[in-house]
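Listed below are the residues making up each chain.
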Amino acid sequence: MGLRVEPSGQACGARITGVDLSAPLDPVTVAALRRVWLDHHVLAFPDQAMDDDALERFTLALGGFGEDPFFAPVPGRQHIAAIRREADEQTPLFAENWHADWSFQARPPAGTCLLAIDIPPQGGDTLFANQHAAWEALCPAEQARYDHLVAIHSARLPYGPDGTYGARDKGRSMDIRPGESALAVQSHPLVPAHPETGRRGFYSTLGYIVGIEDMSDADAIDLLAELQTWQGDERFVYRHVWEPDMLVMWDNRSVLHKASGGYEGYRRELHRTTIAAWNG
Ligand code: SIN
């Protein structure tokens with residue numbers, strides 16, 4: 001059976017059928033999936049009978065494991081974290097702000113996979129914002145404001161000891177491990193060329209980006225806040241609606257993503273892996 005690719009009709013995203021991800025993938029299928037991924041940035045595979053072994057096998061086939069700090073893995077695994085919220089949980093939603101996963105690393109993950117474990121009957125959509133589209137929609141004069149800038153990234157706001165998921169965060173069912181290592185900083189161009197397609201786009205956003213090289217903090221935050229509104233503009237967004245037995249993979253070099261609520265009283269759990277930086 002051949003791959004079938006159904007574009008979402010929104011700013012990015014496609015639904016992929018005709019492939020069984022519970023079984024090992026041959027190299028031709030892996031290469032085809034990577035091509036489709038580069039075209040659509042977010043791939044959703046419905047009706048997949050995958051367990052954690054299959055999730056690990058898929059992640060290894062698509063590029064290998066990234067490094068995942070600040071999360072304790074699920075028992076018995078090194079590279080799978082649970083994105084979890086209990087039905088009666090009162091903590092602020094996890095990952096409700098736009099971000100690109102682990103953009104504060106020196107070699108951040110190319111992609112992320114999320115496997116549906118427990119999907120609520122309503123709400124809990126994941127939103128994706130196409131950052132090539134956000135860049136390309138700017139006129140040359142506006143692009144010139146951002147073109148040359150180098151962004152300073154850090155995990156300190158979410159994962160530092162005083163951060164959102166630091167010591168004050170009580171009652172969360174996810175096993176998050178904040179720490180001093182979150183205070184480190186790492187620079188990346190604000191508008192890099194995608195390492196595999198060469199297409200430019202904004203990389204990450206305010207939150208993991210905490211400053212701009214050669215700019216005062218106040219000016220940088222103003223610029224990044226204005227830019228974030230643009231980066232998440234509705235015209236660049238794909239709203240992903242989850243189904244049971246669904247795997248989603250996205251390209252952190254092309255899209256931002258964020259979680260959304262609307263499932264109060266229901267449990268939600270997904271198993272997550274990151275796909276290592278591309279080695280070319
Ligand atoms: C994440 O950002 O890793 C989680 C997204 C979600 O829960 O929808």
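The structure contained in this document is the topic of the report that follows. (Residues numbered from 1 in each chain as written. Predicted model: local features only at pLDDT ≥ 70, side-chain atom pairs only at ≥ 80, totals over all residues. Heavy atoms only, no water.)

A few words on the site of the ligand. Ile83, Ala95, His99, Thr126, His257, Ala259, Arg268 and Arg272 make up every residue found near the ligand. At 3.0 Å, a side-chain N or O of His257 approaches an oxygen atom of the ligand. Considered on its own, the ligand offers 260 Å² of accessible surface; in the complex 99% of this is hidden by protein. Every element with two or more residues in the shell around the ligand is listed here: strand E12 (255-259) and strand E13 (268-275). (Near = heavy atom within 4 Å. Polar contact = N/O pair within 3.5 Å; in protein donor to acceptor, adjacent residues only side chain to side chain. Areas by Shrake-Rupley, 256 points an atom, 1.4 Å probe, with all protein chains shown as cover. Helix = DSSP H or I, 4+ residues; strand = E, 2+ residues; numbered from the N terminus.)

Before going further, it helps to examine the packing of aromatic side chains. In total, this model carries 17 aromatic pairs according to the counting rule given. Ring geometry for Phe70 versus Trp102: centroids 6.4 Å apart, planes at 70°, classification edge-to-face. Of this pair, Phe70 sits in the loop between helix H2 (52-62) and strand E4 (81-85) while Trp102 sits in the loop between E4 and strand E5 (111-118); the two residues are 32 residues apart in sequence, bridging distant segments of the chain. In this structure an aromatic cluster arises from ring pairing among Phe70, Phe71, Phe94, Trp102, Phe104, Tyr159, Tyr165 and Tyr208. (Phe/Tyr/Trp six-rings, centres within 6.5 Å; stacked < 30°, edge-to-face > 60°.)

Attention shifts here to unusual backbone geometry. For His41, which is not glycine, the phi dihedral falls at a positive 70°. Along the chain, His41 turns up in the loop between helix H1 (27-40) and strand E3 (42-45).

For the rest of this paragraph, the subject is H2. Every buried residue belonging to H2 is among Asp52, Ala54, Leu55, Glu56, Phe58, Thr59 and Leu62, and all of these are buried. Among the residues of H2, the N-terminal cap falls to Asp51, whose side-chain oxygen and the backbone nitrogen of Asp53 are separated by 3.2 Å. Backbone geometry just after H2 places Gly63 at a positive phi near 155°. (Buried < 20%, exposed > 50% of the residue type's maximum accessible area, 1.4 Å probe, protein only.)

The strand order across the open sheet built from 7 strands is E1-E2-E3-E11-E5-E13-E4, with neighbouring strands paired in mixed fashion. Of all strands in the sheet, those with a lone pairing partner are strand E1 (4-7) and E4, marking the two edges. Within this sheet the neighbouring strands show an average axis-to-axis angle of 25°, counted without direction. Sheet topology places E1 next to strand E2 (residues 14-17); 4 bridges connect them, and they run antiparallel. Within E2, the position partnered with Pro7 by the bridge is Ala14. (Pairing = 2+ DSSP bridges. Axes fitted to C-alpha atoms, helices over the stretch in contact; angles between N-to-C directions.)

Another point: the nonpolar core. Counting 30 residues, the largest nonpolar core has Val42, Phe71, Phe94, Phe128, Tyr159, Trp242 and Val248 as the members making the most contacts within it. When residues of this core are traced back to their parent elements, those giving at least two are E3, E4, E5, strand E11 (247-251) and E12. When near neighbours in sequence (up to four residues on either side) are disregarded, Tyr159 contacts Phe70, Phe71, Phe94, Trp102, Tyr165, Ile176, Pro178, Gly179, Ala182 and Tyr208. In terms of nonpolar packing, the next biggest core, distinct from the first, is built from 23 residues, Ile16, Leu21, Leu55 and Ile275 among them. (Core = buried A, V, L, I, M, F, W, Y, C linked by side-chain atoms within 4.5 Å. Contact = heavy atoms within 4.5 Å.)

The next point concerns the side chain of Ser154. By the secondary structure assignment, Ser154 is in strand E7 (residues 150-154). Since its relative accessible area comes to 0%, Ser154 is described here as buried. There is a polar contact of 3.1 Å between the side chain of Ser154 and the backbone oxygen of Ala182. Discounting residues that sit within four places of it in the chain, Ser154 has contacts with Phe104, Ala182, Leu183, Ala184, Val185, Gly207, Tyr208 and Val210.

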